[in-house]
Each structure stands twice: as C-alpha cells, then as structure tokens.
Amino acid sequence: MTQINEQQRTDSSLQSNMQTKAQRRIRNTDRFARGCFTVAGWLAGLMIILIFFFVASRGIRVFLPSYGAEQQNIWDFLLGMRWRADNQVYGVAFIIVNTLVSAFGAALLSFPLSVVTALMITRMASPRVGTLLTTVVEVLASIPSVVFGVFASAVITRFVDSLAGLFGQTTAGGNAMLTTMILLAMMIFPTMTDIAIVSIQAVPDSLIQASLAVGATTMQTNYKMILRAARSGIFSGLVLGLGRAFGEATAVSMVAGNAYTGPSVNLFESTRTLTSTMLTGLKETTGLDYDIRFSVGIVLMILILITNSLIFLIKRKVGGGSEHEQ
C-alpha cells in the first residue's frame, strides 16, 4: 500500500513538472512572439520617420539662404498658381486643390459602389457567386498601376473626349480631370471593397436575427442595420482608398495632362496632381528642379496626414459607437 502511494506521488510530481515545463515553454514562446511584433512595429515606425526626415531635409533646403542664387520663396511656392519648370516658377497651391478634387471625386464615384458591391457579395449573392466576385475584386487589387494607366490612356481618354463633345467641350486628347477621377476610382475600388466585405462579415448573426425578428425586411436589415454596424470598418476602407488615390503617380501622370496653371473645376480640362508633378521628368532633371520635387513631397505627406486625421474624426463621430451598439 505504501509503495502504491509513493508511486502515485511520483507520478503526480512528474506530471506537475511536465505541466510546469509546458507552461514555461508557452510563456517563453509568447514573450518571443511579443518581442518580434514589438521590434517589427518599431522598425515600421522608424522607417516612416527616416523617410520623412530624408524628404524634409532635401525639400526644405531650397528655401534656405545657403541654397544660393536659386533660393525659392516659401510663400510663393505654397501660394503660387503656376508651375513652369522651364522658367523656375514653382507654385503648388493650385496643384493641392487639383489633387484634393481628383482624390475626393474618385472616392465619390467609387465608395458607394464598393459598399453596395460588398453588401451584395456577403448578403445577397449565393456562396458560389460571392466567391467568384470576391476573386474578381482581389484580382483587380493585384493589377499593377501601370496597367491601369495604359488602359486609361487607351480607353478612358476616348470615352471622356467623346463625352466632352456632347457638352460642347474639348479636351487635350482625353487627358482631363474626369479621366483622372475615373482612373483613380477604378484603382481604389478593390481596396475599399475588400475591407467593406471583411467589416460586413464581422457583424454578429445575433444582430441580424434580432432585426428580422422585430419585423424588419431583409433589405431594411441589410441597408439600415448591417451597414450601420459595419460603418467603422467601412470608413477605414475609405481612408486606405483615399491614401492610394493621393499617392498614385505612374498611372495618373499618363492621363492628367499636367496643366501649368489652375486650379480648375472643369472636369474636361487638364489637371496636375502632387504625385504626377513629382514623377514627370524626374530622371531628366537636376539641381533646383530636382530638389523642389522633395518640397512637393513634404506638401503631399502633410496633406495626407491632415486628410486622414479629418476622416478619422468623422469616423469617430459617425462610427465610433458601433462596437458598443453591437
């Protein structure tokens, strides 16, 4: 009997030691994973800081006396309404306005369509059709920017040029503000749709069943309850979409037309964005014309920061309570 008790105590001690080792191994693994994610987060933040300081150091010096005879006036740069590199006239005020109009115009075209598409894929289409449409959206998201640009310069420009003729307007071969908006709308559509799909799928079934139980129709549930519950994530998709619209350069430079003056709200006139200004002729220039593009980069980063901050404020007011409501 004593031997049996001792054997049980020994087995219990071995089992306890094994559990302790397993728990220690889990804690060590957890610490290692947490450390890796922490390092990755700090590296990402450090890269952003380094990029900003590099661009700022190159962009600010053109306004300093140490730059020499080609020193630029910062107020002429920020408030100027002309961009003529051949005359060393650099004004970005009208380019900022054109950039905002192009990006928000693209969002106005694409955002409602992306939300409705996501709702149709997740709530209305059959599983097979939903899977097919999701694959199509993911393929659109993977298409390179230059392919969108080639398509826009070959197809969308012709459409816009014909549309302008119906209104008695002319375009520079279809290179116009409207062309840029349509191009950007196509490019940001898959990004916003993907995030809207994930946000709608995250809405609890209990909320949907509760809405149907109180007498709401399927359409009322889809548009009034599900979209309301998912609005915070949907707004996050809008932020990412606008970020891509602001930052797109290659495709936009192929259809914008790069106007020398502005701003213009005429959809059939040529436009110029901050990114297309930075990219066009970058490899063929040196000196002031090269350095001033870094100054444009500073303006672009500040513009994106301010725009995203405003959208997040709107998101907090419009969608911040969705988690508590759920």
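This next bit is on the overall build of the protein chain. Of regular secondary structure, the protein chain possesses 13 helices and two strands. A principal-axis box enclosing the C-alpha atoms of the protein chain has dimensions of 105 × 60 × 35 Å. Looking at the protein chain as a whole, 37% of its 326 residues qualify as buried. Partitioning the intrachain contacts of the protein chain with sequence separation of at least 6 by distance along the chain shows that 74% fall at a separation of at least 24. Put simply, the protein chain shows about 18,500 Å² of open surface, and 65% of that area lies on carbon and sulfur atoms.

At their nearest, the axes of helix α4 (residues 127-142) and helix α6 (residues 177-201) sit 8 Å apart, and the two run at 135° to each other. As summarised for this structure, α4 and α6 are arranged oblique, according to the angle between their axes. Relative to α6, the crossing made by α4 is left-handed. Here T134, V137, E138, L140 and A141 of α4 lie close against α6, whose contacting residues are F189, P190, T193, D194 and I197. Within the contact of α4 with α6, the residues separate by chemical class into six nonpolar, two polar and two charged.

We now examine unusual backbone geometry. A positive phi angle is found at Q88, which is not glycine, with a value near 55°. Mapped onto the elements, Q88 comes out in the loop between β1 (83-84) and β2 (89-90). Despite not being glycine, N258 has its phi angle at roughly 50°, a positive value. Within the element layout of this structure, N258 appears in the loop between α10 (250-253) and α11 (274-279).

What follows covers the packing of helix α3 (residues 93-124) against helix α8 (residues 218-229). Packed helices, taken two at a time, are described by the angle their axes make and the gap between the axes. Direction vectors running N to C along α3 and α8 enclose 120°, while the axes themselves pass 12 Å from each other. The angle between α3 and α8 falls in the class oblique. In this structure, α3 meets α8 at a crossing whose hand is right-handed. On the side of α3, the interface is formed by V115, V116, L119, R123 and M124, while α8 contributes M219, N222, Y223, I226 and L227. Class assignment for the residues of the contact of α3 with α8 results in eight nonpolar, one polar and one charged.

One can find R293 in helix α12 (residues 288-319). The exposure class of R293 is buried, given its relative accessible area of 8%. The residues contacting R293, other than those within four sequence positions of it, are T277, M278, L279, T280, G281, L282 and T285.

Right, let's get into helix α5 (residues 145-166). Helix length check: α5, at 22 residues, gives a terminal C-alpha distance of 30 Å against a target of 32 Å (1.5 Å per residue), a fit within 8%. Approximately 40° is the largest bend angle found in α5, and it occurs at A152. Tucked into the core, α5 has its buried residues touching α4, α6 and α10. After α5 finishes, the residue G168 shows a positive phi value of roughly 70°.

Under the 1.5 Å per step criterion, the end-to-end length of α4 is 23 Å for 16 residues, consistent within 8% with the ideal 22 Å. Listing the buried residues of α4 in full gives G130, T134 and V137. For α4, the arc enclosing every buried residue in end-on projection is 60°, short of the 170-degree limit, so these residues lie on one face. The exposed set on the far side of α4, more than 90 degrees from its buried face, consists of R128, T131, L132 and S142.

Cut-offs used in this document
Residues numbered from 1 in each chain as written. Predicted model: local features only at pLDDT ≥ 70, side-chain atom pairs only at ≥ 80, totals over all residues. Heavy atoms only, no water. Helix = DSSP H or I, 4+ residues; strand = E, 2+ residues; numbered from the N terminus. Buried < 20%, exposed > 50% of the residue type's maximum accessible area, 1.4 Å probe, protein only. Contact = heavy atoms within 4.5 Å. Areas by Shrake-Rupley, 256 points an atom, 1.4 Å probe, with all protein chains shown as cover. Axes fitted to C-alpha atoms, helices over the stretch in contact; angles between N-to-C directions. Parallel < 35°, antiparallel > 145°, perpendicular 65-115°, else oblique. Left-handed = near helix turned anticlockwise from the far one by under 90°. Nonpolar A, V, L, I, M, F, W, Y, C, P; charged D, E, K, R; others polar. Expected span 1.5 Å × (residues − 1). Bend = angle between axes of the 7 residues up to and from the residue. Arc of directions from axis to C-beta.

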